[in-house]
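# Structural description and commentary
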Amino acid sequence: MKRVNKILLWFVIIFFTIFILANIAVALFAKPILVKQIEKNLKLPTTLGSISIGLPFSISLNKLAIGDLFKADQVAVSPSIFSLLAGKVVLSNISLINPVIKLEQSSDSSLNLPNLEKKKSQQKQPPLYVTSLIIKNALFIYTDRKISPDGYKIILGRINAHISKVMLPPASLKTNFNVALDFLNPEDQKLGSLKFSGWIDFGPKDMEGVLSIKDLDLTYFSPYYGNFISNKKLLSAKLNINSIFEARNNDLGIQTNFRLSNLVYAQEAQQETELPELDLAKNVLDFFTDERGNLILDFKIGTKLDNPTITVAELKKVILKAAAKNLASQSPETLIKKVSDNIEQFKAIGKNLEDIFKGK
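Scope of this entry: the structure provided in the associated data block. (Residues numbered from 1 in each chain as written. Predicted model: local features only at pLDDT ≥ 70, side-chain atom pairs only at ≥ 80, totals over all residues. Heavy atoms only, no water.)

## Side note on the environment of T131
- For T131, the location among the structural elements is in the loop between β6 (128-130) and β7 (132-144).
- The exposure class assigned to T131 is buried, which follows from its relative accessible area of 16%.
- For the pair T131 and N93, spaced 38 residues apart in sequence, the C-alpha separation works out to 6.3 Å.
- If sequence neighbours within four positions are ignored, T131 has contacts with V90, L91, S92, N93, I163, S164 and K165.
- Reaching out from T131, the side chain makes a polar contact with the backbone oxygen of S92 at a distance of 3.0 Å. (Helix = DSSP H or I, 4+ residues; strand = E, 2+ residues; numbered from the N terminus. Buried < 20%, exposed > 50% of the residue type's maximum accessible area, 1.4 Å probe, protein only. Contact = heavy atoms within 4.5 Å. Polar contact = N/O pair within 3.5 Å; in protein donor to acceptor, adjacent residues only side chain to side chain.)

This is the structure we're talking about:
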């Protein structure tokens, strides 16, 4: 028994000695090699604080910075040794701690992304698989100089995500996901929040998920939507969305509850000589808000899971049908006032509604 304990003790001592020596070797030799390779492939200046090896087997890159594009306190990966022997690269876990990504679009629509060159003589790389991704407290800053020469910023902060493939059965492609983030302005003030959770199975192309956007200050994004939903300029608008995603055999349905509240319009001089141009989608707010000035739309979008697209024309039709349902919940007095104040445009909308529902 004593002999067995002595062997185990020596085994532990040898193991940790090798582990410590490996960390020293990685710190001395692997760090400059890795930095050189990143700079060579991405053509961006790169700095790295240190590299360390963890148990059971993980590699951590600490204080990594790649140009102005990316930096993180830690990037940790856990490769599978057995998969490497089989000619595959499987990362059982990728973990990003406090990453910051800065994406910029110039006035000519180009992005500050590295131009990756493919060498003809380069050997075919083994396939890469990732079974788990963890992101903690990420920050994403998008600067759009096409919208504004000074750079219009879209900022997503406090991003936390956990995306992982189910382990059993091993051949399953089912993946669970949970993502949460805040929308921020350049002064780090919260504009709203987003949560998206559920699962997706890339085998049979099935999915279940729930997307929630809460109290988003929609007016901050006005340079992108313009007067798509209203001809009047909005000074205040809170957006709340709750969408349920359900897909079976690649047929994806998105049932959505869309709510706009706290609507405040800018005072504009009215033109008495002519009526404004009629666009059904742009006049949704003007005609279909309730007595409290809120717009509530319930609609369903059908598309494909592997190619989720919808045209602007289809979206306008969906919005109009959903907005028309609000009329039934409004008082007769409110409807009469809307008709009398906007009789000509309301006649046109009524005709378009009739045509839409006839073609349903």
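Here the narrative resumes, following the displayed structure.
## Here we look at the pattern of salt bridges
- Considering all chains together, one arrives at seven salt bridges under this definition.
- Between K63 and D73 there is a salt bridge, with its nearest N and O atoms 3.3 Å apart. Here the residue K63 occupies a position in strand β2 (residues 58-66), and D73 occupies one in strand β3 (residues 70-79), the gap between them amounting to 10 residues.
- You can call K63 exposed: its relative accessible area is 53%.
- Take D73: its relative accessible area is 32%, and that puts it in the partly exposed class.
- Connected through salt bridges with shared partners, the residues R158, D182 and K190 form a single ionic network. (Salt bridge = Lys/Arg side-chain N within 4 Å of Asp/Glu carboxyl O.)

## Re the nonpolar core
- Judged by nonpolar contacts, the single largest core of 59 residues is most densely connected at L64, F183, M207, F258, L260 and L297.
- It is strand β12 (residues 234-248) that contributes the most residues to this core, six residues altogether.
- When residues no more than four places from it in sequence are discounted, the contact partners of F258 are L239, N240, I241, L295, I296, L297 and F299. (Core = buried A, V, L, I, M, F, W, Y, C linked by side-chain atoms within 4.5 Å.)

## As for the layout of surface pockets
- By volume, the second largest pocket amounts to about 740 Å³.
- The wall of the second largest pocket is formed by 22 residues, among which I213, L239, I241, F258 and L315 lie closest to the centre.
- Sorting the residues of the lining of the second largest pocket by element identifies β11 (206-217), α3 (222-225), β12, β13 (251-265), β14 (295-304) and α5 (312-325) as the ones contributing at least two each.
- Residue composition of the lining of the second largest pocket, grouped by class: 20 nonpolar, two polar and no charged. (1 Å grid on protein atoms, 1.4 Å probe; cavity = no way out; pocket = protein on both sides within 12 Å on 5 of 7 lines; lining within 4 Å. Points joined across faces, edges and corners; volume = space filled by probe spheres on them. Nonpolar A, V, L, I, M, F, W, Y, C, P; charged D, E, K, R; others polar.)

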